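Now for the letters of each chain:
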Amino acid sequence: MPTAAPLPLEVVPGPASTVDPLTLSGKNLGGPIRVHDRTITENDIRRFLCFAVGGKQIDSHKFGVLTQQEIEKRKAAGADVSALVVTDAEFDKALEKTRKDFLLKYPSLDFPVEVGRAFLHLDIYKHELRRTMLFDKVFFPEDPNNWPSVTTEAIILASNGTSFIDDAKESYMLRKQMQLDQKLEDLPPDDPILVDTLRSWLLDSLNQYSAIEFHQDKLPADTLITVEGVPIKIDEIWGLIQPHVTWENVAHARRFLAQMAVVERELEQAGKLMPQEEFETSFMPGYPFKDAMASFEMVAIVLQGFPSMHADLRYERALRSFRKVIADEHLTDEAMAPFLQRANMIAGAAKIDAEVILASAFDYARSAWKPDGWKAAEAKATELKKQLDAGADWGETLELHSDFWDPPMPEVGQKPQFGFNFKGRFGDQTRNQLAGALHESDYLYFLNGSSVADKVFFDQTGGTISEVMKGQRGYYIARVNLRKPGQSGLNLKVPQNREFMVNFVAMQRFGAHARKLLTEALAKGDVSGF
């Protein structure tokens, strides 16, 4: 199998911050950043973090507003809404059931820690649970015959018929009979996959047909979004997430806002920054902007790693503007040639069999950064590299000292088949798979200009052990066992292939240009407080 790596491309790193990133937190946002003639205020940083860290909480508040408005609408129509509340007894019972079900599957894990991993903190999860319970009471009462029209219409529209509603009614009758036959206190739960599917269809419908304003220039400075005219304010979300915002969250927010500010200023001064209306119209031709955003969200959040659609849309507008500027000089076939080998490896799903030792600054079991973790991680990785250079066995060293963590297998229920780290024995990985395993993404590459995954996947020769590399969670040492070529290369005469290539090159050049602009502005004194 071939072991040669492609020729490395020039790396343009992001500039060092004058504010020590490890001192940042929800309580210390690092102060304002001056970029030429404008100031990125701490309120701007809080707004960004509300979307980046508190996106789930914004959604919860949004659907909480819509739930309350539905209750008020029924009340105004004369309906009895006294049962549309979640009592403390109901809530406590549901929370305890969730806790017991979790511990039945994972008796060795800490319930508050694992809830915090998904919801920032147990207290925040409690808010989410109560809102979800009320949402279900209003829109999904136990008997589907009592579902409101807004629910049934959303399901019919999403599924092109009534079959899912008919299935829900049949399931309710069977479960009701089971409750009677077995003298059960509670109605047995419905299929969770069906419940989640129906709920997601309704949420999508509410999102699509509700009046939601998210354009920052149309909102007061203290407001994130409005839902049917009701504001969801920065202070509401910040009050929930502030204790759980990490130095990493703040450092990334500050760097993103600074880089976007310098590149947007350059585009504006050249008259090249795409007007917002033009951006929204062209974002996904043929689709209303609201629908296009929903369709693009998986690409932005899951594949590209952006912390929010709020951040991605700002990035995309500047990227697409920049792409037009460089098209004639840098996006011709000849100009893109240096990028072709890497693009072929990504598009053709080339793979490497890589093993990685991690000396972690992050405590995975506690889902928190270790005190003085970076210093200890660097010392550990340096010592392990010395041992490996002196002849220590790679496999034994990885097994004993690598800090990659996997949760235990569930003791009941279906066993997961994917997503395990195996101490860093990743096996065959595409470039994007390896980046994900190392907590890297296109978003972070835009910020930093460096990537452990890219060094290993593109640059490291097969059969070699790398130097110590600093990454997202600590320090890494990698061994590439072998490389596997992908499918045939991109034929740039095929429009779809050429579009992939153009976008790949534009993203690489855009990130490098933004980092270079920020570096130069700092050197000239045009940026301060960064």
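Look above for the structure.
Calculation criteria
Residues numbered from 1 in each chain as written. Predicted model: local features only at pLDDT ≥ 70, side-chain atom pairs only at ≥ 80, totals over all residues. Heavy atoms only, no water. Helix = DSSP H or I, 4+ residues; strand = E, 2+ residues; numbered from the N terminus. Rg over C-alpha atoms; globule rule 2.2 N^0.38 Å. Buried < 20%, exposed > 50% of the residue type's maximum accessible area, 1.4 Å probe, protein only. Contact = heavy atoms within 4.5 Å. Phe/Tyr/Trp six-rings, centres within 6.5 Å; stacked < 30°, edge-to-face > 60°. Pairing = 2+ DSSP bridges. Expected span 1.5 Å × (residues − 1). Arc of directions from axis to C-beta. Polar contact = N/O pair within 3.5 Å; in protein donor to acceptor, adjacent residues only side chain to side chain. Bend = angle between axes of the 7 residues up to and from the residue. Axes fitted to C-alpha atoms, helices over the stretch in contact; angles between N-to-C directions. Parallel < 35°, antiparallel > 145°, perpendicular 65-115°, else oblique. Nonpolar A, V, L, I, M, F, W, Y, C, P; charged D, E, K, R; others polar.

Chemist: Got a minute to help me understand the overall build of the protein chain in this structure?
Modeler: Looking only at helices and strands, the protein chain has 20 helices and 12 strands in total. Relative to its length of 530 residues, the protein chain is compact, with a C-alpha radius of gyration of 26 Å against a globular reference of 24 Å. Overall size of the protein chain, expressed as C-alpha extent along the three principal axes, is 70 × 60 × 50 Å. Burial analysis of the protein chain (530 residues in total) assigns 44% to the buried set. For the protein chain, restricting intrachain contacts to residue pairs at least 6 apart in sequence, the fraction spanning at least 24 positions comes to 72%.

Chemist: So what exactly am I meant to see when it comes to the packing of aromatic side chains here?
Modeler: Scanning the entire structure with this criterion turns up 32 aromatic pairs. Residues Phe 283 and Phe 296 carry aromatic rings whose centres are separated by 5.2 Å and whose planes lie at 75° to one another, so their mutual orientation is edge-to-face. Taken together, the residues Phe 283 in the loop between helix H11 (276-282) and helix H12 (289-303) and Phe 296 in helix H12 connect sequence positions 13 residues apart. Phe 296 sits in the buried class, given a relative accessible area of 13%. Plain terms: the ring middles of Tyr 315 and Phe 510 are 5.5 Å apart, the flat faces sit at 70° to each other, and that makes the pair edge-to-face. Linking Tyr 315 in helix H13 (residues 309-330) with Phe 510 in helix H20 (residues 495-524), this pair joins segments that are 195 residues apart in sequence. In this structure Phe 510 comes out as buried when scored by relative accessible area, which is 0%.

Chemist: Please clarify how the sheet that holds strand S2 (residues 38-40) should be interpreted in this entry.
Modeler: Strand pairing in a sheet relies on backbone hydrogen bonds, with the paired strands running either antiparallel or parallel. Read from one edge to the other, the open sheet built from three strands follows the order S2-S1-S12, with strand pairing classed as antiparallel. In the strand order of this sheet, the two ends are held by S2 and strand S12 (527-528), each with one partner. Pairing of strand S1 (residues 33-35) with S2 involves three bridges; the strand directions are antiparallel. Across the sheet, residue Val 35 finds its bridge partner in S2, namely Arg 38.

Chemist: Help me out: how do you make sense of helix H8 (residues 192-209) in this one?
Modeler: One turn of an α-helix holds 3.6 residues; hence residues three or four places apart share an orientation. With 18 residues, H8 extends 26 Å between its outermost C-alpha atoms, agreeing within 8% with the 26 Å of an ideal straight helix rising 1.5 Å per residue. Taken together, the buried positions of H8 are Leu 194, Leu 198, Arg 199, Trp 201, Leu 202, Ser 205 and Leu 206. Down the axis of H8, the sector holding all buried residues measures 155°, keeping them to one side. The exposed set on the far side of H8, more than 90 degrees from its buried face, consists of Pro 192 and Ile 193. The inward-facing, buried residues of H8 abut helix H2 (55-76), helix H5 (122-139), helix H6 (149-159) and helix H7 (163-181). The opening residue of H8 is Asp 191, an N-cap whose side-chain oxygen sits 3.1 Å from the backbone nitrogen of Ile 193.

Chemist: Just checking my understanding: could you explain H13 for this structure?
Modeler: Taking the largest bend as the criterion, H13 deviates by roughly 35°, centred on Lys 324. For H13, every residue scored as buried is listed here: Met 309, Ala 311, Asp 312, Leu 313, Tyr 315, Glu 316, Ala 318, Leu 319, Ser 321, Phe 322 and Ile 326. On its buried face, H13 is in contact with helix H1 (42-52), helix H10 (247-269), H11, H12, helix H18 (442-448) and H20.

Chemist: Hey, could you run me through the packing of H12 against H13 in this one?
Modeler: Packed helices, taken two at a time, are described by the angle their axes make and the gap between the axes. Following both chains from N to C, one finds H12 and H13 inclined at 100°, their axes separated by 10 Å at the closest point. Here H12 lies roughly perpendicular to H13, going by the angle between them. Contacts from Phe 289, Met 293, Phe 296, Glu 297, Ala 300 and Ile 301 in H12 reach Met 309, Asp 312, Leu 313 and Glu 316 in H13. Of the residues belonging to the contact of H12 with H13, the class tally is seven nonpolar, no polar and three charged.

Chemist: Is there a simple way to explain the sheet that holds strand S4 (residues 223-227) in this structure?
Modeler: Sheet architecture is open: three strands sit in the order S3-S4-S5, paired in antiparallel fashion. Each edge of the open sheet carries a strand with a single partner, namely strand S3 (212-213) and strand S5 (230-233). The pairing of S4 with S5 spans four bridges and is antiparallel. Looking across to S5, one finds that Thr 226 is bridged to Pro 231.

Chemist: Help me understand the environment of Ala 349 in this model?
Modeler: For Ala 349, the position within the fold is in the loop between helix H14 (333-347) and strand S6 (351-360). On the accessibility criterion, Ala 349 (35% relative accessible area) is partly exposed. Counting along the chain gives 137 residues from Ala 349 to Gly 486, while the straight-line C-alpha distance between them is 5.0 Å. If we ignore the near neighbours within four places in the chain, the residues touching Ala 349 are Asn 344, Thr 430 and Gly 486.

Chemist: Would you explain the pairing of S4 in this entry?
Modeler: A regular strand places its side chains so that they alternate between the two faces of the sheet. Among the five residues in S4, five count as buried, and that is most of the element. Relative to S4, S3 runs antiparallel, the two sharing two bridges. Its bridge partner lying in S4, Glu 213 is registered against Thr 226. Here S4 hands over to S5 after two residues, with Glu 228 in that stretch at a positive phi of 50°.

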